[in-house]
Amino acid sequence: MSLTSSFLQLSSILKPHHRSQFLHGSLPIPSLPKIPPFSSSPAPSPPSVLTVRAMKVTQGLVVCASSDKTVSVEVVRLAPHPKYKRRVRKKKKYQAHDPDNQFKVGDYVQLEKSRPISKAKTFIAIPVPPRDSTRGVGLGLPLQSAEQG
């Protein structure tokens, strides 16, 4: 008995009893769509005026201003609780650059993302104008009760 005949007998014994149409390629494989070759025209460039400013500006309260040219700002945001799905306040402190040492504890500032200034500072503190406390009072139209009395 030759080596090839013993190999053929062994392979016939080890073959599975069921034939899968997927394993042996009896079903035709659908042809993939043809991709055209690269064209000589360049791809359109993205517009240069559009800038995405996602999560690059935040507001917070100055909690520490004792370092030189650095303030510590606490930013409060609302995030859903992972289990209870209720919105919970999350606080985080950021170190921000204050080049003129103009901010004191209790000031509201706006943090703008910039290049890294040091190991911990990647934001610049910008003053925020104070909120108007008489928001709903001055609507520009006199009330009817004020005209009568």
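This one's a predicted model, so the numbers in the text were calculated from it and none came from an experiment.

Visitor: Teacher, can you tell me more about the overall build of the protein chain here?
Guide: Across its full length, the protein chain holds two helices and five strands. Moving toward the C terminus, one meets the helices and strands of the protein chain in the order α-β-β-β-β-β-α. Here the protein chain holds 149 residues, and the buried ones make up 12% of them. Of all intrachain contacts in the protein chain linking residues separated by at least 6 positions in sequence, the fraction that spans at least 24 positions is 45%. If you sum the accessible surface of the protein chain, you get close to 13800 Å²; carbon and sulfur atoms cover 60% of it.

Visitor: Honestly, the side chain of His97 in this entry has me stumped. Any pointers?
Guide: Position of His97 relative to the elements: it lies in strand 3 (residues 87–97). His97 gets classed as buried once you look at its relative accessible area, which sits at 18%. Polar side-chain contacts of His97 include one of 3.1 Å to the side chain of Lys121. The contact partners of His97, leaving out residues within four places of it in the chain, are Lys69, Ile117, Lys121, Phe123, Ile124 and Ala125.

Visitor: Just to check I follow, could you spell out the pairing of strand 3 for this structure?
Guide: Side-chain direction in a regular strand flips from residue to residue, so the side chains alternate between the two faces of the sheet. Sheet topology note: the strand 2 (residues 70–80)/strand 3 ladder contains eleven bridges and is antiparallel. The residue bridging Val75 from the neighbouring strand is Lys92, located in strand 3. Hairpin connection, strand 2 to strand 3: the antiparallel pair is bridged by six residues, and Lys85 has positive phi, about 60 degrees. Two strands pair when backbone bridges link them, and strand 3 and strand 5 (residues 121–127) are joined in this way by three bridges, in the parallel orientation. For Ala96, the partnering residue across the bridge sits in strand 5 and is Phe123.

Rules used in this analysis
- Residues numbered from 1 in each chain as written.
- Predicted model: local features only at pLDDT ≥ 70, side-chain atom pairs only at ≥ 80, totals over all residues.
- Heavy atoms only, no water.
- Helix = DSSP H or I, 4+ residues; strand = E, 2+ residues; numbered from the N terminus.
- Buried < 20%, exposed > 50% of the residue type's maximum accessible area, 1.4 Å probe, protein only.
- Contact = heavy atoms within 4.5 Å.
- Areas by Shrake-Rupley, 256 points an atom, 1.4 Å probe, with all protein chains shown as cover.
- Polar contact = N/O pair within 3.5 Å; in protein donor to acceptor, adjacent residues only side chain to side chain.
- Pairing = 2+ DSSP bridges.

Limitation: the analysis is restricted to geometry and does not speak to function.
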